[in-house]
Amino acid sequence: MAANTGKLTAVAIKNAKAGDKPLRLFDGGGLYLEVMPTGSRYWRMKYRHDGKEKRLAFGVFPEVALAVARQKRDEARAVLRDGIDPSTKRQTERRLSKLSNATVFEAIAQEWLQKQRQKLAPVTYGKAEWLLGMASSEVGRRPISEISAPEMLAVLRKIEATGRHETAYRVKQKASQVFRYAIATGRAERDPTVDLRGALSPVVSKPRAALTNPNDVAGLLRALYGYEGQPTTAAALKLGPLLFARPGNLRTMEWAELDLDAAEWRIPAGKMKMREEHVVPLAPQAISILQELHQLTGRNRYVFPSIRTPDRSMSENTVNAALRRLGYDKDTMTGHGFRALASTRLNELGWAPDVIERQLAHAERNKVRAVYNRAQYMAERKKMMTAWADYLDQLRTTTGKVVAFKRQAGA
């Protein structure tokens, strides 16, 4: 049974009477006091994560006062804003508290991860957590100073046996970072993964699939504009080559990040790989697509919401699946391939490499140039993005064999 939906007061809590059924007194932000028929009073918080409704328990009133319960709620909501399930975080903390003096691999790995949270984008943090979880499942409870090279090799070969050779390499890299952290904090003397050089099967890397020949690109564009699936997917396909942003940034685009009047998409630092805000100038063609899409999804948080729940963004597989439906297999074209397509063609069209790299949000290795470049190139990037959109229109609407379009001098 639910009761008030406003802010709770000490008087309201004191006067609440137990009934035949549990009574819920809501305080806001998901926090409520549940008064049981027995008279017991429990603090709970209702929230949603990954589209699922969940509960957190904050203790019993009056042992846990209203102010303390509110503080716990605010802390849980802060964790949620980082994309983390507070229930999972609490379980992890409880499990680690039982481990001996934070000297085992799992505890030190979690400690290292927590220190990386502010540096890494949520997606990157999640991948690091997943990779270290694979190592922890085998050696997590072993004292880190006692883990040997053969032990780590056994962990990695178990991953290799499933055919995931690149994953094994990545687990090794992350584990090495944890070992080095343990050395720095005085809990280990050496990194055993150093001795595994050459012990793993070689990884044959392949460039991401992308079309770059003008005639092939023209055919791709015509196919994209002929897509007859979900309107949001169709819009994402059209914006992919226009914006050539990272697929994860495109699918999680939010209306709050867009300023269509200023013709800009500002991606927050927290979403970027390098943890710096990135600005994408919007050509008139991109603005037109977004304005049309606003009529469908403008009331949602995400520009491309999931068809299952508007609280989540489009799936990471949606664009690639649409490309498959259009006849482009994974070895021919991918959502990430729009970046290679744009980079290749823009370089061939004569645009300055520094401008292209800045628009791709690639890191500048020279730190002095990095500081300078952050404030530069915006005017040139705006020209480039508009000219690029016009170029794509020319490719798409040209009949017969495409003749290469060269950048006009001074454009």
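Heads up: the structure comes first, above all this text.
Worth saying up front: this structure is predicted, and the values here are computed from it rather than measured.

Student: In this structure, what is going on with the overall build of the protein? I would like to understand it.
Tutor: Helix and strand content of the protein: 16 helices and seven strands. When the accessible area of the protein is evaluated, it comes to approximately 22,400 Å², of which 50% is carbon and sulfur surface.

Student: Help me understand the sheet that holds strand β6 (residues 264-267) in this model?
Tutor: Two orientations exist for strands paired in a sheet by backbone hydrogen bonds: parallel and antiparallel. In spatial order, the strands read β5-β6-β7; together these three strands make up an open sheet with antiparallel pairing. A strand with exactly one partner marks an edge of an open sheet, and here the two such strands are β5 (258-259) and β7 (278-281). Of the strand pairs in this sheet, β5 and β6 are connected by two bridges, and their pairing is antiparallel. Across the sheet, D259 pairs through a bridge with E264, a residue of β6. On the sheet, helix α16 (residues 378-397) packs against β6 and β7 and is oriented at approximately 40 degrees with respect to β7.

Student: For this particular structure, what's the right way to read the side chain of H49?
Tutor: Within the secondary structure, H49 sits in strand β3 (residues 41-49). H49 sits in the buried class, given a relative accessible area of 13%. Look past the residues within four positions of H49 in its chain and what remains in contact with it is L80, G83, I84 and D85.

Student: Before we go on, may I ask you to explain helix α13 (residues 337-348) in this structure?
Tutor: Side chains of residues three or four places apart in an α-helix project in the same direction, reflecting 3.6 residues per turn. If you check α13, its first and last C-alpha atoms are 17 Å apart, about what 12 residues at 1.5 Å a residue would give, namely 16 Å. When we look at burial in α13, the residues that qualify are G337, F338, R339, L341, A342, S343, R345 and L346. Looking at the packing, one finds that the buried side of α13 touches α8 (214-225), α9 (231-243), α14 (353-359) and α16. Just downstream of α13, G350 is the residue with a positive phi angle, here 100 degrees.

Student: Is there a simple way to think about the sheet that holds strand β4 (residues 52-61) in this case?
Tutor: If you trace the four strands from one edge of the open sheet to the other, you get β1-β2-β3-β4, paired in antiparallel fashion. The sheet terminates laterally at β1 (23-28) and β4, the two strands that pair on one side only. In this sheet, adjacent strand axes meet at a mean angle of 30 degrees when their direction is disregarded. Strand direction decides the pairing type here: β3 and β4, joined by nine bridges, are antiparallel. Along β4, the bridge assignment pairs R48 with E53.

Student: So what exactly am I meant to see when it comes to the packing of aromatic side chains here?
Tutor: By convention here, two paired aromatic rings are described through the distance between centres and the angle between planes. This structure, assessed with the given rule, holds five aromatic pairs. Ring plane angle 45 degrees and centroid distance 5.1 Å describe the contact between F26 and Y32, whose orientation is recorded as tilted. A relative accessible area of 1% means that Y32 is categorised as buried. Through a chain of ring-to-ring contacts, three or more aromatic side chains come together here, namely F244, W388 and Y391.

Student: When you look at the pairing of β7 in this model, what are you seeing that I'm missing?
Tutor: When a strand is regular, its side chains alternate between the sheet's two faces. What you see with β7 is no split at all: H278 and V280 on one side and V279 and P281 on the other are buried throughout. In terms of strand pairing, β6 meets β7 through four bridges, oriented antiparallel. Note on β7: the bridge partner recorded for W265 is V280.

Student: How should I be thinking about the packing of helix α5 (residues 122-139) against helix α7 (residues 165-184) in this particular structure?
Tutor: Each pair of packed helices gets described by two things: the angle between the helix axes and the distance between those axes. Where α5 meets α7, the closest approach of the two axes is 9 Å, and the angle between their N-to-C directions is 90 degrees. Regarding the angle of α5 to α7, the classification is roughly perpendicular. When α5 is examined against α7, the residues A128, W130, L131, L132, M134 and A135 are found in contact with a partner set consisting of T167, R170, V171, K174, A175 and V178. Grouping the constituent residues of the contact of α5 with α7 by class yields nine nonpolar, one polar and two charged.

Analysis parameters
- Residues numbered from 1 in each chain as written.
- Predicted model: local features only at pLDDT ≥ 70, side-chain atom pairs only at ≥ 80, totals over all residues.
- Heavy atoms only, no water.
- Helix = DSSP H or I, 4+ residues; strand = E, 2+ residues; numbered from the N terminus.
- Areas by Shrake-Rupley, 256 points an atom, 1.4 Å probe, with all protein chains shown as cover.
- Pairing = 2+ DSSP bridges.
- Contact = heavy atoms within 4.5 Å.
- Axes fitted to C-alpha atoms, helices over the stretch in contact; angles between N-to-C directions.
- Buried < 20%, exposed > 50% of the residue type's maximum accessible area, 1.4 Å probe, protein only.
- Expected span 1.5 Å × (residues − 1).
- Phe/Tyr/Trp six-rings, centres within 6.5 Å; stacked < 30°, edge-to-face > 60°.
- Parallel < 35°, antiparallel > 145°, perpendicular 65-115°, else oblique.
- Nonpolar A, V, L, I, M, F, W, Y, C, P; charged D, E, K, R; others polar.

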